[in-house]
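# Observations on the model geometry
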Amino acid sequence: MRTGYDLELVHLTKRYGETVAVRDLNHVFAPGSYVCLLGPSGCGKSSTLRMIAGHEEVSDGSILLDGHDVAPLAPAQRGTAMMFQNYALFPHLSVRDNVAFSLRMKGIDRSARHKRADELLALVDMTHLADRLPAQLSGGQQQRVALARALVTEPKVLLLDEPLSALDPFLRIRMRTELKKLQRELGITFIHVTHGQDEALALADEIVVMNDAVIEQAGPAREVWAKPRTEFVARFIGGHNVITLPQGKVTVRADAVQLADEGMAATVMAIEYQGASVAVSTTTEGGDEVLALLPEDQFFAAPKNPGDAVRLSWDEARLHRLTA
Ligand SMILES: Nc1ncnc2c1ncn2[C@@H]1O[C@H](COP(=O)(O)OP(=O)(O)OP(=O)(O)O)[C@@H](O)[C@H]1O
């Protein structure tokens, strides 16, 4: 399969009446990468994904796939495929016929479409259940069928709208490993919408953080985690403290904060034992809430209690200036 198609959003905008759901997005998705579109509820993730898929009309701007604007094209003509949150399988069709469905719509003969459907079922490890109906499958199995069905058209880009949200936590972690493996094997771009920071960090080569209809920050997962650009990203991605200093707002990771003899004065508000580490929540004199995540042996060498006065310190190199 050919890899490395460029997908570019140019001034992409979506309005629903007075509501601007997506405001002037400009972004080039790294070809052949696993991208997570991350953000809180209502920030415009699904609208963006649905516009790329062709399930929602573009209000303004264009969507370039391999240099061509696909915005005027019907979903099936774009070279994209979408996997829906609820899988949207046809209840009366067998697993094999569900996977082969879009090929039937294209007029491909029965034996050829079954052969192709069987190849995809093998890819998602579902060959043994090809003759079952969707109702006879577990949630995880239904999801594999939905994946096979989306991939049968050989899309250049696969769009996934909260694909793991219907699964229990155990299965969710297993399936995310499989999604990542599948993306690597196919080499096509996956764009996965999620509001889960952990999910995005675990899966994404690139994270695109959206807030209030715009992209707040986009970059490699480690970069977004290590260098959040704005207070919103720092708080949303988790694990960071936002502290107001005379020179402006800065962020410092919770695992970089130490309790020391000297440093910023604070009061311990709560202690949470987390196994390998202990989370010490404090409030500074300036009113910032600062979390220190200490290795458990270090904490228990000099344990603290709520109400204790402490001093917070960090290596200056771990401080990171926020731009907004
Ligand atoms: N069909 C619609 N008609 C009117 N407003 C809509 C419609 N769909 C979405 N919106 C509004 O557009 C904004 C963005 O919605 P969207 O579904 O894209 O966000 P989201 O980030 O995917 O949220 P969630 O995580 O809750 O699915 C929201 O304010 C929402 O209320």
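Treat the numbers as computed from the prediction; the structure is a model and nothing was measured.

Moving on to the environment of Val280. Mapped onto the fold, Val280 is located in strand β15 (residues 277–284). Along the sequence, Val280 and His240 sit 40 residues apart, while their C-alpha atoms lie 13 Å from each other.

Strand order in the open sheet formed by 3 strands is β11-β12-β18, and the pairing between neighbours is antiparallel. Since the sheet does not close on itself, it has two edges, and those belong to β11 (240–245) and β18 (320–321), each with one partner. The sheet contact formed by strand β12 (residues 248–253) and β18 spans 2 bridges and is antiparallel. Opposite Thr251, over in β18, you have His320 as the bridge partner.

Attention now moves to unusual backbone geometry. Positive phi values are uncommon outside glycine, yet Asp125 reaches one of about 65°. Along the chain, the position of Asp125 falls in the loop between α3 (110–123) and α4 (139–151). With phi around 45°, Glu162 is a residue other than glycine that occupies positive phi space. Relative to the elements of secondary structure, Glu162 occurs in the loop between β7 (157–161) and α5 (169–186).

Attention now goes to the site of the ligand. The environment of the ligand is made up of Tyr16, Ala21, Pro40, Ser41, Gly42, Cys43, Gly44, Lys45, Ser46 and Ser47. The contact in question runs from an oxygen atom of the ligand to an N or O atom on the side chain of Ser47, over 2.6 Å. Coverage of the ligand by the protein chains reaches 59% of its 640 Å² of free accessible surface. Considering each element in turn, the shell around the ligand owes the most residues, 3 residues, to helix α1 (residues 45–53).

Residues given the UniProt feature "domain: ABC transporter" (unreviewed entry) here are residues 7–237. Annotation note: span residues 7–237, helix share 37%, strand share 27%, distance between end C-alpha atoms 25 Å.

A word on the domain arrangement of the protein. As assigned here, the protein comprises domain 1 (1–79 + 155–238), domain 2 (94–153) and domain 3 (239–321). Domain 1 and domain 3 are separated by 34 Å when their C-alpha centres are compared. Contacts between the two partners involve 8 residues from domain 1, matched on the other side by 7 residues from domain 3. Interface of domain 1 and domain 3: buried area, both sides summed, is about 740 Å²; carbon and sulfur atoms make up 55% of it. The interface formed by domain 1 and domain 3 contains 1 salt bridge. Residue Lys249 is joined to Glu231 by a salt bridge in which the shortest nitrogen-to-oxygen separation is 2.9 Å. In terms of residue count, helix α8 (residues 231–237) provides more of the side of domain 1 that touches domain 3 than any other element does, 4 residues in total. Counted by class, the side of domain 1 that touches domain 3 contains 4 nonpolar, 1 polar and 3 charged residues.

The rules we used
- Numbering of residues starts from 1 in every chain and runs along the sequence as written.
- It should be noted that, the model being predicted, local features are given only for residues of pLDDT at least 70 and side-chain atom pairs only at 80 or more, the latter also being counted only at that level, while totals for whole chains, interfaces and linings use all residues.
- Side-chain metrics in this entry use all non-hydrogen atoms of the structure; hydrogen atoms and water are not considered.
- Each helix is a run of H or I in the DSSP string that is no shorter than four residues. Each strand is a run of E no shorter than two, and both are numbered from the N terminus.
- When DSSP finds two or more bridges between two strands, those strands count as paired.
- What makes a residue near a molecule or strand is one non-hydrogen atom of that residue sitting within 4 Å of it.
- As used in this structure description, the phrase polar contact means that two N or O atoms lie within 3.5 Å; if the pair is within protein, one of them must be able to donate a hydrogen and the other to accept it, and residues adjacent in sequence are counted only when both atoms belong to side chains.
- With residues, only the protein chains shown are counted as cover, and all accessible areas are computed by Shrake-Rupley using a 1.4 Å probe.
- UniProt positions are given in the numbering used here, feature names are shortened, and annotations may be inferred rather than shown by experiment.
- In this document the domain limits rely on a domain assignment from an automatic tool or a database.
- Here, residues are in contact when the closest pair of their heavy atoms is within 4.5 Å.
- Summed over both partners, the accessible area lost on bringing two parts together, with a 1.4 Å probe, is the buried area.
- Throughout this description, the term salt bridge denotes a Lys or Arg side-chain nitrogen within 4 Å of a carboxyl oxygen of Asp or Glu.
- Each residue receives one of three labels: charged for Asp, Glu, Lys and Arg, nonpolar for Ala, Val, Leu, Ile, Met, Phe, Trp, Tyr, Cys and Pro, and polar for the others, Gly being one of them.

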